[in-house]
Amino acid sequence: PNQCCQTRYERHPSNMSDHKPVSASFTVKAKRIDRHRLVAAAAEVTRELDVADNECIPCVTVDDNEVHFEGVEYRVPNIRRIVLTNTGSVVAHFRFIPKPSGSPSLTVREASISSE
C-alpha cells in the first residue's frame with residue numbers, strides 16, 4: 001500500500017560546491033475526483049439539509065383570519081375567542097406584542113392556553 005514510490009535517484013557532479021546535487025523521480029498513487037459525482041453529492045446533501053431545516057420551522061394555523069367586534073359599548077368588555085393550532089412537528093412559541101403608543105385602545109388578555 002505504498003502511495004509514493006521512488007523510481008530513480010541520481011547524483012550529479014559539481015565543481016562549484018562541496019555539496020553534491022541529486023535528483024529523484026517518484027511514482028505517486030492519487031485518487032481522482034469525479035467532478036460530476038462531487039457536484040451531485042453536494043446537491044443531494046443540500047436537499048437533505050433543506051428538508052431537515054423545513055421540518056424544524058413552526059407552523060401554526062388560526063381558526064379565523066378576522067375578528068369582528070360588534071355591539072361595542074364604552075367600558076363593557078367584548079370578548080372574542082381565537083384558536084391557534086400547532087400544525088407543525090415542532091413546538092411553536094408565540095406572544096402578544098404590545099400596542100404602539102397612540103394607537104386605539106385594545107386590551108388583549110390570555111384567558112386560557114391549553115395543550116392537546
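Scroll up to find the structure.
Each value, and the rule that gives it
- Residues numbered from 1 in each chain as written.
- Predicted model: local features only at pLDDT ≥ 70, side-chain atom pairs only at ≥ 80, totals over all residues.
- Heavy atoms only, no water.
- Helix = DSSP H or I, 4+ residues; strand = E, 2+ residues; numbered from the N terminus.
- Buried < 20%, exposed > 50% of the residue type's maximum accessible area, 1.4 Å probe, protein only.
- Contact = heavy atoms within 4.5 Å.
- Areas by Shrake-Rupley, 256 points an atom, 1.4 Å probe, with all protein chains shown as cover.
- Expected span 1.5 Å × (residues − 1).
- Polar contact = N/O pair within 3.5 Å; in protein donor to acceptor, adjacent residues only side chain to side chain.
- Salt bridge = Lys/Arg side-chain N within 4 Å of Asp/Glu carboxyl O.

Along the chain, the regular secondary structure elements total 1 helix and 4 strands. What you see in the chain, going N to C, is helices and strands ordered as β-β-α-β-β. Residues classed as buried in the chain amount to 0% of the 116 residues present. Taking all contacts inside the chain whose residues are at least 6 apart in sequence as the whole, residues at least 24 apart take part in 30%. For the chain, the accessible area works out to roughly 11800 Å², and carbon and sulfur atoms hold 55% of it.

Given 3.6 residues per turn, any residue in an α-helix points the same way as the ones three and four places further on. Here helix α1 (residues 35-55) spans 30 Å end to end across 21 residues, near enough to the 30 Å set by a 1.5 Å rise per residue. The distance from a side-chain oxygen at the start of α1 to the backbone nitrogen of H36 is 3.1 Å, and the residue carrying that oxygen is D34.

So, on to unusual backbone geometry. Even without a glycine there, the phi angle at R75 is positive, about 60 degrees. Note on placement: R75 falls in the loop between β3 (60-62) and β4 (84-86). Under the relative-accessibility criterion, R75 is labelled exposed at 71%.

The next subject is the pattern of salt bridges. Counting across every chain of the model gives 2 salt bridges. Put simply, E10 and R8 hold a salt bridge, and the shortest N to O gap is 2.7 Å. The salt bridge partner of R47 is E44, with a shortest N-O separation of 2.8 Å. Taken as a pair, R47 and E44 lie in helix α1 at a separation of 3 residues, close to a single helical turn. We classify E44 as partly exposed; its relative accessible area is 34%.

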